[in-house]
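Residues per chain, in single letters:
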Amino acid sequence: MATDELSSKLNRRLQIEEGEHDPVALDEAHENGAHEKTATSSADSELGAKLQRRGELNEGVGEHQQPSMKVFNPYTEFKEFSRKQIKDMEKMFKQYDIEKDNFIDLMELKLMMEKLGAPQTHLGLKNMIKEVDEDFDGKLSFREFLLIFRKAAAGELAEDSGLHVLARLSEIDVSTEGVKGAKSFFEAKVQAINESNRFEAEIRQEQEDKKRQAEERKQRQAAFKELKSAFK
């Protein structure tokens, strides 16, 4: 078998040298074909795995995978709230994030509702989380916590729901002036500009407050040194 194949190759080489046949890169073609076949097989296998997992999720067999973490900027995503409102919400979130893991779990939410004077049942707490739990991890991230106030401001929460009670008792004003209420494109553009100007004004105010506090601290230190030197 090997002798016949070798003889065939030698015979073909002689024919090519005599100009009877054009050279053909048989080995290269064979390798390319094998490579394409391997790549196609790999793609088919990956697609098959994805379809199988989707079927398992639809049937409730597989577990949901947590989506990849993305950079989250509350000031750009939740433009309907002022910087002060978002800072107040962040302060409240951190206050009840007892484990300091950047999440509020079921027990921490239970403590929060008790502190607010509106204790909930175990099922009620689970339903509260479920209503804004976008990644199905059974706890609240800061973004999902902000969604509570967005829904409250938009009137999307039932008055007897736990989330509505949380938003109402939090003492955080969630009145909105965002672009979502605009009736036309031009009104939306004007409101977007006003929104941008409002954020810039808030940032300037924060900077001025910090500068004023630093100046007052400097004056107190100078007065203390002067008083101290008077007793020497």
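Along each chain, the written sequence defines residue order, and numbers are assigned to residues from 1. pLDDT decides what is reported in this predicted model: residues at 70 or higher carry local features, side-chain atom pairs at 80 or more are listed and counted, and totals for whole chains, interfaces and linings draw on all residues regardless. Each side-chain value is derived from all of the structure's non-hydrogen atoms; neither hydrogens nor water enter the calculation.

Points about the UniProt feature "domain: EF-hand" (unreviewed entry) in the protein
- UniProt positions are given in the numbering used here, feature names are shortened, and annotations may be inferred rather than shown by experiment. Under the present numbering, the feature "domain: EF-hand" (unreviewed entry) in UniProt falls on residues 84-119 and 120-155.
- The numbering of helices and of strands both runs from the N terminus, where a helix is a DSSP run of H or I of at least 4 residues and a strand a run of E of at least 2. Counting secondary structure, residues 84-119 comes out at 64% helix and 0% strand; the distance between its end C-alpha atoms is 28 Å.
- Helix and strand shares over residues 120-155 are 64% and 0% respectively, and the end C-alpha atoms of the span are 21 Å apart.

A closer look at helix H6 (residues 122-132)
- Of all the positions in H6, only Gly124, Leu125, Met128, Ile129 and Val132 are classed as buried. The buried residues of H6 occupy an angular sector of 135° when projected down its axis, which confines them to one face. Turned more than 90 degrees from where H6 packs its buried face, His122, Leu123 and Lys130 sit exposed.
- Residues are treated as being in contact if the distance between any of their heavy atoms lies within 4.5 Å. For H6, the secondary structure elements touched by its buried residues are helix H5 (106-115), helix H7 (142-153) and helix H8 (162-169). Each residue's exposure class comes from its accessible area (1.4 Å probe, protein chains only) as a fraction of the maximum for that residue type: buried when under 20%, exposed when over 50%, partly exposed otherwise. Working definition: the arc comes from the directions between the helix axis and the C-beta atoms, pointing outward to the latter.

Considerations on unusual backbone geometry
- Positive phi is not limited to glycine here, since Lys100 has a value of about 55°.
- Structurally, the position occupied by Lys100 is in the loop between helix H4 (83-96) and H5.
- Residue classification places Lys100 among the exposed residues on the basis of a relative accessible area of 60%.
- Positive phi outside glycine occurs at Asn102, with the angle close to 70°.

Side note on the pattern of salt bridges
- We define a salt bridge as a contact between a side-chain nitrogen of Lys or Arg and a carboxyl oxygen of Asp or Glu at a distance within 4 Å. Applying the stated criterion to the full structure yields nine salt bridges.
- Glu90 is the partner of Lys94 in a salt bridge, and the nearest nitrogen-oxygen pair spans 3.4 Å. You can see Lys94 and its partner Glu90 sitting in helix H4, four residues apart, about one turn around the helix.
- With a relative accessible area of 47%, Lys94 lands in the partly exposed category.
- One network of salt bridges, with partners in common, ties together Glu77, Glu134 and Arg143.

Structural notes on the side chain of Asp133
- Within the secondary structure, Asp133 sits in the loop between H6 and H7.
- With no salt bridge to any partner, buried Asp133 finds its closest opposite charge in Lys139, at an N-O distance of 9.3 Å.
- Any pair of nitrogen or oxygen atoms within 3.5 Å is treated as a polar contact; in protein, a donor-acceptor pairing is required on top of that, and neighbouring residues in sequence qualify only through side-chain atoms on both sides. Polar side-chain contacts of Asp133 include one of 2.8 Å to the backbone nitrogen of Gly138.
- Setting aside residues up to four positions removed in sequence, Asp133 forms contacts with Gly138, Lys139 and Glu144. The positive count covers Lys and Arg only, the negative count covers Asp and Glu only, and His and the chain ends enter neither.

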